[in-house]
Amino acid sequence: MQIEYRHGLLFTEIEVVYNGKRKSISNIVVDTGASKTLISQDSVDDIGIKVKREDEIVTSYGIGGKEHAFVKKIDKVLVGDYFAEEIALEFTVIQYEDINGLLGLDLLMDAGFNINLKDLRMDLHG
């Protein structure tokens with residue numbers, strides 16, 4: 001799949017399915033420095049992914065400081081030809097209006113993506 005290089009970052013698109021509703025989300029940063037995939041809550045409100053009392057709240061630390069997110073099990077996540085079903089992802093408020101999330105090592109490694117920086121492609125291994 002093609003990835004895009006802009007503003008010094010690599011961007012891709014993912015699709016999430018929750019309670020049978022599908023949502024394609026653009027402006028996802030391919031972030032090999034992030035251990036977990038993190039999606040903007042604002043980008044999925046319209047398909048019903050909202051924090052609830054019973055959701056697990058997690059705290060992560062990084063260059064930007066301390067962040068809080070809620071964990072929600074979704075039906076499916078798709079990135080190019082890769083998909084995972086019944087997967088728990090983290091959702092939070094992202095303070096940059098041109099970024100809707102981070103594609104972290106949890107999914108990048110599970111998929112076994114090869115990132116080709118010369119051709120700006122991200123393809124499944126094999």
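Attention in this report is confined to the structure presented alongside it. (Residues numbered from 1 in each chain as written. Predicted model: local features only at pLDDT ≥ 70, side-chain atom pairs only at ≥ 80, totals over all residues. Heavy atoms only, no water.)

What to know about the overall build of the protein
- Secondary structure assignment for the protein yields one helix and 10 strands.
- Along the chain direction, N to C, the helices and strands of the protein fall in the order β-β-β-β-β-β-β-β-α-β-β.
- Relative to the compact-globule value of 14 Å for 126 residues, the protein shows a C-alpha radius of gyration of 14 Å, a close match.
- Seen along its three principal axes, the alpha-carbon backbone of the protein occupies a region of about 45 × 35 × 20 Å.
- The 126 residues of the protein split such that 40% are buried.
- In the protein, the proportion of contacts linking residues at least 24 apart, taken out of those at least 6 apart, comes to 53%. (Helix = DSSP H or I, 4+ residues; strand = E, 2+ residues; numbered from the N terminus. Rg over C-alpha atoms; globule rule 2.2 N^0.38 Å. Buried < 20%, exposed > 50% of the residue type's maximum accessible area, 1.4 Å probe, protein only. Contact = heavy atoms within 4.5 Å.)

A word on the pairing of strand β9 (residues 113–116)
- Inspection of the sheet shows β9 paired to strand β10 (residues 121–124) by four bridges, in the antiparallel sense. Among the inter-strand pairings, N116 is bridged to a residue of β10, identified as R121.
- The antiparallel pairing of β9 with β10 creates a hairpin that spans four residues between the two strands, and L120 there sits at a positive phi of about 50 degrees. (Pairing = 2+ DSSP bridges.)

Brief notes about the pattern of salt bridges
- According to the stated counting rule, one finds six salt bridges in the structure shown.
- For R121, the salt bridge goes to D123, with nearest N and O atoms at 2.8 Å.
- With a relative accessible area of 28%, D123 lands in the partly exposed category. (Salt bridge = Lys/Arg side-chain N within 4 Å of Asp/Glu carboxyl O.)

Details of the nonpolar core
- If you look at the biggest cluster of nonpolar residues, it comprises 27 residues, and the most contacted ones within it are V16, I74, V77 and L89.
- For this core, the secondary-structure elements that each account for two or more residues are β2 (9–18), β3 (21–30), β6 (65–79), β7 (82–92) and α1 (105–111).
- In terms of residue count, β7 provides more of this core than any other element does, five residues in total.
- Once residues within four sequence positions are removed from consideration, I74 is found in contact with V16, V17, Y18, I49, E86, I87, L89 and F91. (Core = buried A, V, L, I, M, F, W, Y, C linked by side-chain atoms within 4.5 Å.)

Here we look at the packing of aromatic side chains
- For the structure on display, the rule yields two aromatic pairs.
- Here Y82 and F113 contribute two aromatic rings whose centre-to-centre distance is 6.1 Å and whose plane-to-plane angle is 65 degrees, an arrangement assigned as edge-to-face. Here Y82 is found in strand β7, whereas its partner F113 is found in strand β9, with 31 residues between them in sequence.
- In this structure, R6 is placed above the aromatic ring of F11, and the distance from its NZ or CZ to the ring centre is 3.9 Å.
- Directly above the ring of F83 sits K76, whose terminal nitrogen or CZ lies 5.0 Å from the centroid. (Phe/Tyr/Trp six-rings, centres within 6.5 Å; stacked < 30°, edge-to-face > 60°. Lys NZ or Arg CZ within 6 Å of the ring centre and 35° of its normal.)

Thoughts on the side chain of T12
- Within the secondary structure, T12 sits in strand β2.
- Under the relative-accessibility criterion, T12 is labelled buried at 6%.
- Here T12 is in contact with M1, Q2, I3, I25, S26, N27, I28, V30, L103 and M122, once residues within four sequence places are set aside.

Focus: the side chain of K72
- Of note, K72 is situated in strand β6.
- Contacts of K72, omitting those with residues within four sequence positions, involve Y18, I49, K50, K52, D55, I87, A88, L89 and F91.

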